[in-house]
Amino acid sequence: MFRAAVRLSVSGARSLTRVQPRCQGALAAARCYSHGKEETDEEFDARWVTYFNKPDIDAWELRKGMNTLIGYDLVPEPKILDAALRACRRLDDLASAIRILEAVKDKSGPHKEIYPYLVQELRPLLDELGIATPEELGLDKL
């Protein structure tokens, strides 16, 4: 028993002292965080549309996906928002749909032309699903 504990502690100490491989050559100035391939914009959009189009998505997965998506340094494309709003409709969750629109407006930041463009692109869907924008509900006045 004691021998097993000593062996585990010695191997654990060895792993702490191992030197991590460093970037070599011209890449020395770049950080080596990922060894995978770079995801294109189309692949990124398709991944999120597929995520929100899952037929068995639940409210927790919807919120988790939106929190992750909003955490990125980008404003989601209209086709991603379309899939997310349709997921809200499947879940019968109007509050989440309005929160998504509020989050996108906040994410647009100082670029005042982005949010109206998104609303313009999503207007047919919003009318089809019966979702009012936060401005139509008067939430921007609070």
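Residues numbered from 1 in each chain as written. Predicted model: local features only at pLDDT ≥ 70, side-chain atom pairs only at ≥ 80, totals over all residues. Heavy atoms only, no water.

The chain appears in an unreviewed UniProt entry as Cytochrome c oxidase subunit 5A, mitochondrial from Muraenolepis orangiensis. Of the comments in the UniProt record for the chain, the one headed Subcellular location (unreviewed entry) reads "Mitochondrion inner membrane". Recorded under Sequence similarities (unreviewed entry), the UniProt text for the chain is reproduced unchanged: "Belongs to the cytochrome c oxidase subunit 5A family." (UniProt positions renumbered as here; feature names shortened; annotations may be inferred.)

Peer 1: Could you give an account of the packing of helix H3 (residues 59–71) against helix H4 (residues 78–90), with specific residues and numbers?
Peer 2: It is at 11 Å that the axes of H3 and H4 come closest, and there the two elements cross at 155°. Regarding the angle of H3 to H4, the classification is roughly antiparallel. The way H3 lies across H4 gives a crossing that is left-handed. Residues Leu62, Met66 and Leu69 of H3 lie in contact with H4, whose contacting residues are Ile80, Ala84, Ala87 and Cys88. (Axes fitted to C-alpha atoms, helices over the stretch in contact; angles between N-to-C directions. Helix = DSSP H or I, 4+ residues; strand = E, 2+ residues; numbered from the N terminus. Parallel < 35°, antiparallel > 145°, perpendicular 65-115°, else oblique. Left-handed = near helix turned anticlockwise from the far one by under 90°. Contact = heavy atoms within 4.5 Å.)

Peer 1: For helix H2 (residues 41–52), give the residues involved together with the corresponding values.
Peer 2: A rise of 1.5 Å per residue sets the reference length of H2, with its twelve residues, at 16 Å; its end C-alpha atoms lie 17 Å apart and thus fit the reference within 8%. When we look at burial in H2, the residues that qualify are Phe44, Asp45, Trp48, Val49 and Phe52. Looking straight down H2, one finds its buried side chains confined to an arc of 130°; they lie on one side. Of the exposed residues in H2, the ones pointing more than 90 degrees away from its buried face are Glu42 and Thr50. The inward-facing, buried residues of H2 contact H3 and H4. (Expected span 1.5 Å × (residues − 1). Buried < 20%, exposed > 50% of the residue type's maximum accessible area, 1.4 Å probe, protein only. Arc of directions from axis to C-beta.)

Peer 1: Account for the side chain of threonine 133, naming residues and giving values.
Peer 2: By the element assignment, threonine 133 lies in the segment after helix H6 (114–129). Residue contacts for threonine 133: discarding those within four places in its chain leaves Leu101, Tyr115, Val119, Arg123 and Leu126.

Peer 1: Describe the pattern of salt bridges, and please don't skip the residues or the numbers.
Peer 2: Per the stated rule, a full pass over the model turns up eleven salt bridges. As a salt-bridge pair, lysine 54 and glutamate 61 come within 3.3 Å of each other at their nearest N and O atoms. One salt bridge in this structure joins arginine 123 and glutamate 136, with 3.0 Å as the shortest N-O distance. Note that arginine 123 is positioned in helix H6 and glutamate 136 in the segment after H6, a separation of 13 residues in sequence. Because the salt bridges share partners, they merge into one network encompassing Asp82, Arg86 and Glu128. (Salt bridge = Lys/Arg side-chain N within 4 Å of Asp/Glu carboxyl O.)

Peer 1: With reference to specific residues and values, describe unusual backbone geometry.
Peer 2: One non-glycine residue, aspartate 92, lies in the positive phi region at around 55°. Within the fold, aspartate 92 resides in the loop between H4 and helix H5 (94–108).

Peer 1: Before we move on, can you summarise the packing of aromatic side chains with the specific residues and values?
Peer 2: One pass over the structure, following the stated rule, counts six aromatic pairs. Measuring from centroid to centroid gives 5.5 Å for phenylalanine 44 and tyrosine 72, while their planes differ by 70°, and the two rings are edge-to-face. Of the two residues, phenylalanine 44 sits in helix H2 while tyrosine 72 sits in the loop between H3 and H4, which places them 28 residues apart along the sequence. In textbook terms, an aromatic cluster arises when at least three aromatic residues are bridged by ring pairs, as seen for Phe44, Trp48, Tyr51, Phe52 and Tyr72. (Phe/Tyr/Trp six-rings, centres within 6.5 Å; stacked < 30°, edge-to-face > 60°.)

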